[in-house]
Amino acid sequence: QMIKLFRLLSKEHGADVFAELDIPEQEYIINSVTDAELGSILDELFLDDTVDMMEELPANVVARVMRISTPETRRLINQYLKYPENSAGSVMTIEMVELHDRLTVAEAIKSIRRTGVDKETVYTCYCIDREHHLLGSIPLLSLLLCDADTLVGDIMEDDAQLISVNTLDDREYVADIVKKYDLLSVPVVDNENRLVGIITVDDIVDVIEEETTEDF
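All of the points below concern the structure found in this document. (Residues numbered from 1 in each chain as written. Predicted model: local features only at pLDDT ≥ 70, side-chain atom pairs only at ≥ 80, totals over all residues. Heavy atoms only, no water.)

Examining the overall build of the protein
Next, step 1: Summing up its helical and strand segments, the protein has 13 helices and six strands in all.
Next, step 2: For 216 residues, the compact-globule estimate of 2.2 N^0.38 gives 17 Å, and the protein sits close to it at 19 Å.
Next, step 3: C-alpha atoms of the protein, sized along the principal axes, occupy 55 × 40 × 25 Å.
Next, step 4: When burial is assessed residue by residue, the protein has 42% of its 216 residues classed as buried.
Next, step 5: Within the protein, counting contacts between residues at least 6 apart in sequence, those at least 24 apart form 63% of the total.
Next, step 6: Accessible area of the protein: about 12200 Å², with a carbon and sulfur share of 50%.
Next, step 7: Separation between the mean location of the 18 positive side-chain charges and that of the 46 negative ones in the protein comes to 9 Å. (Helix = DSSP H or I, 4+ residues; strand = E, 2+ residues; numbered from the N terminus. Rg over C-alpha atoms; globule rule 2.2 N^0.38 Å. Buried < 20%, exposed > 50% of the residue type's maximum accessible area, 1.4 Å probe, protein only. Contact = heavy atoms within 4.5 Å. Areas by Shrake-Rupley, 256 points an atom, 1.4 Å probe, with all protein chains shown as cover. Lys, Arg positive; Asp, Glu negative; His and termini not counted. Charge placed at Lys NZ, Arg CZ, Asp CG, Glu CD.)

Considerations on the sheet that holds strand β4 (residues 165–166)
Next, step 1: With respect to topology, three strands assemble into an open sheet ordered β4-β5-β6, the strand pairing being mixed. A strand with exactly one partner marks an edge of an open sheet, and here the two such strands are β4 and β6 (195–200).
Next, step 2: In this sheet, β6 lies alongside strand β5 (residues 185–189) in antiparallel orientation, the contact comprising five bridges. By the bridge assignment, valine 188 is partnered in β6 with glycine 197. (Pairing = 2+ DSSP bridges.)

What about the pattern of salt bridges?
Next, step 1: Summed over all chains, the structure comprises nine salt bridges.
Next, step 2: Arginine 194 is the partner of aspartate 190 in a salt bridge, and the nearest nitrogen-oxygen pair spans 3.0 Å.
Next, step 3: Classification of aspartate 190 by relative accessible area gives buried; the value is 15%.
Next, step 4: With a shortest N-O distance of 3.2 Å, glutamate 192 and arginine 194 are connected by a salt bridge.
Next, step 5: Judged by relative accessible area, which is 44%, glutamate 192 ranks as partly exposed.
Next, step 6: Put simply, Asp35, Arg64 and Arg67 are held in one network by salt bridges that share partners. (Salt bridge = Lys/Arg side-chain N within 4 Å of Asp/Glu carboxyl O.)

Here we look at the sheet that holds strand β1 (residues 98–100)
Next, step 1: One open sheet holds the three strands; their spatial order is β1-β2-β3, and the pairing between them is mixed. Two strands in the sheet have a free side with no partner beyond their single neighbour: β1 and β3 (134–139). Taking the axes of each pair of neighbouring strands and ignoring which way they run, one obtains an average angle of 35 degrees across the sheet. (Axes fitted to C-alpha atoms, helices over the stretch in contact; angles between N-to-C directions.)

Regarding the pairing of β6
Next, step 1: Judged by how many residues are buried, β6 sits mostly within the fold: six of six residues are covered.
Next, step 2: The hairpin turn running from β5 into β6, its antiparallel successor, is five residues long, and asparagine 193 in that turn takes a positive phi close to 60 degrees.

Some details on helix α7 (residues 71–81)
Every α-helix carries 3.6 residues per turn, so stepping three or four residues along brings you back to the same face.
Next, step 1: Those residues of α7 lying buried are Leu76, Ile77 and Tyr80. Across the axial projection of α7, the buried residues extend over an arc of 100 degrees, all falling on one side.
Next, step 2: Where α7 is buried, its residues meet α5 (47–54), α6 (59–68) and α8 (88–91). (Arc of directions from axis to C-beta.)

So, in structure tokens, the structure goes:
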């Protein structure tokens, strides 16, 4: 019955439902659907949800998921799984809005319209240079209210106000940062200050819930 109901859902809704299921139900669905159906699920899942699932599934199920995934997805999954458990890198997502500092506001908005549907959030955008270093952040509202020919680099909030965490920071520390500064998302950088991902507030809520349960 679960499989029959699951197949009635659209691709997008199916992926959303799949991401919220417990691991036993996810494993049951993976083992019950065709390769084409599983590929459709993986195509719609956010990468951090895929990684969370991979960390819990049995090895034989993981092997099937990896076989069906695209080469780029396999590479990213392997990269994520190298981060220590409970680190910022292990809970981040790479689906964020990145804007080059030399883009105009018009170009930035065009880019968001083209790619935003695949991002976890578009409310805060992150400004980078040619080497992918994190330079600043810019709220979507600021882009909408500025002149079209204004450079993104001229209106971003620079590193004096920018809050970020390192991939190896403990996730409890990240949760404290998000709560302290009331953030919707926090950028994650590597040791060279290159932007590698973000952690959204919904993932932090999950972290807080897990840590509180562990404390109890």
